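One letter stands for each residue in the lines below.
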Amino acid sequence: MNKILKGLLVAMLAVSAAQVKIDAATARDCGDNSCNTSCNTSNSCNTGCNDNNSCNTSCNTGCDTDCNTNNNGCGDNSCQASNKTFMMTRSHGVNLSTEYTTFNELVNRKNAEDRFGANFQVAGYYQASHECNKKLAGYFLNGCNTLTFGAGTAADNDVQEGYLVIGNDYKGPATALELRPKQTSWAVLFDYRQDLDKVAKGLYLYANLPVAQARNSLRLNVLSGTGTPVVNTTVDSQENDALYQYLVGNDSAITTAPTTAGGLAQAALTHSKLDRCGREATGVADINLALGYKVLDDENYYIGLALAVVIPTGTEVRSAHLWDAVIGNGKHFGLGFDWDSQATLWSDEDQSLKLNVVGRYRYLFESHENRVPGFSGVDANGNAYDVASAYRLTVPVSALGTAAGTTVTLQPFANIAAQRVRVTPGNEFDGIFGFAYNCGGFTADLGYNLYYRDRENVCGTDCWSENDGKYAMVRQLTNDATAVLVRGALATATAATSFTVGIDGITDGGAAAGTTAIINKGNLDFRAAATPAQLTHSLYGGVGYSFIEWDNPLMLGAFGKYEWSPCNSALEQWSVGAKVGIGF
């Protein structure tokens, strides 16, 4: 029987590995923005990004003054990403170090003959990223934690203000905006391990179900605001700034009536919105199930192999905000295998020192998510459109040549670019290398945790055909801060002579009237919506006690972890928690 089970396990692992290799190659065949596939009717082109996670405007703004703004936080490492519109953070359920401390010793104690052979634990923990992570801010901005706006072609401005316009009554944008992203979360992990020795010696079943809540806070801060107050004057000065109100998607601040008959109206931002307060998500962060077999099982060592499946139960990716909180892996089904091994390095009566080497590999398959691609290209001044591309304004092609007196509504690029895309996360690995010291029922764990996740492959679909070729990038010609009417009204018979539309030939003098560059699929940069490869290192530790003399031993424990990364594509964070378990 054992030989048969071993043979089946090896065969299933080989088939699984071959299938993963084929799927991975197929997924990578798709280019960044040239995926020709029909729109899946089960996944509507409508992103359905309802903002049901409203921000409390009375949030404590004291958290916004705890970072030193003198350091711009510009990354000097080649693996620092920038101008991204999305980041997928590590799922709370992918957490071997939290699971294994103390509990692994309870699981692997020899069970009494009359026991059922089951072990169950509940582990709760709190986790937080670094307080002032300027590298992470640079991930969403232009490599730094601040982004400057200004008139003309000044070299010290990251974005020219004419691309943002900001309503009819705005006299000039703020000097800069600043982000200080931070994530805080809590999670409760339910782990169940069932020995199936009565079916076949060495066979076991494993299940993991994490429930978590995450809060992502960009903590937007507008510096040196110069805008005319457009909202309630009782709030602080930066929330009175029209640039701030545009970035948070405030309707009343942006869609004010034109100051003259006809003119420019500006739609409120609906996707990739920034804010000061946090965005929360709560849910079950995917269920892991595994069927394993101990191919070696000796008194002083064991090796177990398992086939595993990931059942996606987390929250959906909506991209209504630049850094929406997501629980789980983004609704991706996964398959993989586990390696579980332990060796006793030293033992003396009731004491022992053991080495644990554990690894979990998963391949996460393609699924649909709502994301916002970037915009590729540069203008005549050499300014890359990828910098803050989500917030640049577009004009409907149908509005070019509109007669004076007709209101033209400009749309933020994020509004028209947001779409349901195909995302393939690919390979994911979570592994630990650690030591466990036991003395009677006492256990102390200390080890290293390695986490890796592939660069996402993000591909567009034909769903975007409804906007393909129907909009063009716009920049208002006049940068004079006092030219309110020029900003707010069409002074001539055509929209094209009031502002230049195009990718090339944009200068303060303006290109020829009517110069246009239509936004087609080829202009969409899906790399901006893809999370780069993630690699993190962690040191973890834990202490616990198991009442091993009891018929159903009770386990109590505490643990902690510190995680860091060489790149800004993954969170650097710490966590602490406690657990309780029982064997029966």
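Definitions and limits used
Residues numbered from 1 in each chain as written. Predicted model: local features only at pLDDT ≥ 70, side-chain atom pairs only at ≥ 80, totals over all residues. Heavy atoms only, no water. Helix = DSSP H or I, 4+ residues; strand = E, 2+ residues; numbered from the N terminus. Buried < 20%, exposed > 50% of the residue type's maximum accessible area, 1.4 Å probe, protein only. Contact = heavy atoms within 4.5 Å. Areas by Shrake-Rupley, 256 points an atom, 1.4 Å probe, with all protein chains shown as cover. pLDDT = per-residue confidence, 0-100. Salt bridge = Lys/Arg side-chain N within 4 Å of Asp/Glu carboxyl O. Polar contact = N/O pair within 3.5 Å; in protein donor to acceptor, adjacent residues only side chain to side chain. Phe/Tyr/Trp six-rings, centres within 6.5 Å; stacked < 30°, edge-to-face > 60°. Patch = residues over 30% accessible without salt bridge, like charges linked within 9 Å, V, L, I, M, F, W, Y side chains within 5 Å. Core = buried A, V, L, I, M, F, W, Y, C linked by side-chain atoms within 4.5 Å.

Overview of the overall build of the protein
When its secondary structure is counted, the protein shows eight helices and 27 strands. Taken over 584 residues, the protein has a buried fraction of 56%. When contacts within the protein are restricted to residue pairs at least 6 apart in sequence, those whose partners lie at least 24 apart make up 79%. When the accessible surface of the protein is totalled, it reaches about 22,800 Å², and 57% of it is carbon and sulfur.

Focus on unusual backbone geometry
In this structure, Ser-272 is a non-glycine residue whose phi angle is positive, near 55°. Examined against the element boundaries, Ser-272 turns out to sit in the loop between β8 (263–266) and β9 (278–284). For Lys-331, which is not a glycine, the phi torsion comes out positive at approximately 75°. On the basis of relative accessibility, which here comes to 31%, the residue Lys-331 falls in the partly exposed class.

Some details on the confidence of the model for the protein
Of all residues in the protein, 66% attain a pLDDT of 70 or more, and the chain-wide mean is 76. The weakest mean pLDDT in the protein belongs to helix α8 (residues 484–488) at 28; the strongest belongs to strand β20 (residues 442–453) at 98. This model gives residues 1–73 a pLDDT under 50, and the stretch forms 111 contacts once residues within four places in sequence are excluded. pLDDT under 50 marks residues 225–236. Its contacts with residues more than four places away, or in other chains, come to 29 contacts.

Overview of the pattern of salt bridges
For the structure shown, the criterion picks out 16 salt bridges. One salt bridge in this structure joins Glu-99 and Arg-360, with 2.8 Å as the shortest N-O distance. Residue Glu-99 is found in helix α2 (residues 96–100), and its partner Arg-360 is found in strand β13 (residues 351–364); the two are separated by 261 residues along the sequence. With respect to class, Glu-99 is no different from Arg-360; both count as buried. Between Arg-527 and Asp-525 there is a salt bridge whose closest N-O contact spans 3.0 Å. A relative accessible area of 12% places Asp-525 in the buried class. Shared partners join several salt bridges into a network, and the residues in it are Glu-369, Arg-371, Glu-428, Arg-453 and Glu-456.

Re the environment of Cys-277
If you trace the backbone, Cys-277 turns up in the loop between β8 and β9. Sequence spacing of Cys-277 and Leu-220 is 57 residues, and the spatial spacing of their C-alpha atoms is 8.1 Å.

Some thoughts on the side chain of Asn-568
Structurally, Asn-568 can be placed in the loop between β26 (554–564) and β27 (573–583). Looking at Asn-568, its side chain comes within polar contact range of the main-chain nitrogen of Ala-81, at 2.8 Å. Beyond its immediate sequence surroundings of up to four residues, Asn-568 is in contact with Cys-79, Gln-80, Ala-81, Met-87, Lys-135, Leu-136, Gly-138 and Tyr-139.

Some words on the packing of aromatic side chains
According to the stated counting rule, one finds 13 aromatic pairs in the structure shown. When the centroid spacing of 5.8 Å and the interplanar angle of 50° are considered together, the rings of Phe-140 and Trp-323 count as tilted. With a gap of 183 residues between them, Phe-140 in helix α4 (residues 134–140) and Trp-323 in the loop between β11 (301–311) and β12 (334–348) connect regions that are remote in the sequence. With respect to burial, Phe-140 and Trp-323 carry one shared label: buried. Taken together, a centroid distance of 5.4 Å and an interplanar angle of 80° make the contact between Phe-375 and Phe-413 edge-to-face.

Concerning the environment of Ala-200
Looking at where Ala-200 falls in the secondary structure, it is placed in the loop between β5 (182–195) and β6 (203–217). The class of Ala-200 is buried, set by a relative accessible area of 4%. Measuring from C-alpha to C-alpha, the distance between Ala-200 and Tyr-293 comes to 8.9 Å, with 93 residues separating the pair along the chain.

Digging into a nonpolar patch on the surface
There is a patch of nonpolar side chains on the surface, built from Tyr-126, Trp-186, Leu-539, Tyr-562, Trp-564, Trp-574 and Val-576 and spanning about 670 Å² of accessible area. When residues of the nonpolar patch are traced back to their parent elements, those giving at least two are β26 and β27. Looking at the secondary structure, you find Val-576 in strand β27.

Some thoughts on the nonpolar core
In a soluble, globular protein the nonpolar side chains are often hidden away together inside. Counting 37 residues, the largest nonpolar core has Phe-140, Leu-147, Leu-177, Leu-179, Leu-247, Leu-274 and Tyr-391 as its most contacted members. If you list the elements that add at least two residues to this core, you get α4, β2 (146–150), α5 (242–247), β16 (393–396) and β22 (471–476). If we ignore the near neighbours within four places in the chain, the residues touching Leu-247 are Leu-177, Leu-220, Leu-269, Lys-273, Leu-274 and Tyr-391. Residues Phe-375, Val-458, Trp-464 and Leu-524 belong to the second largest nonpolar core, which totals 14 residues.

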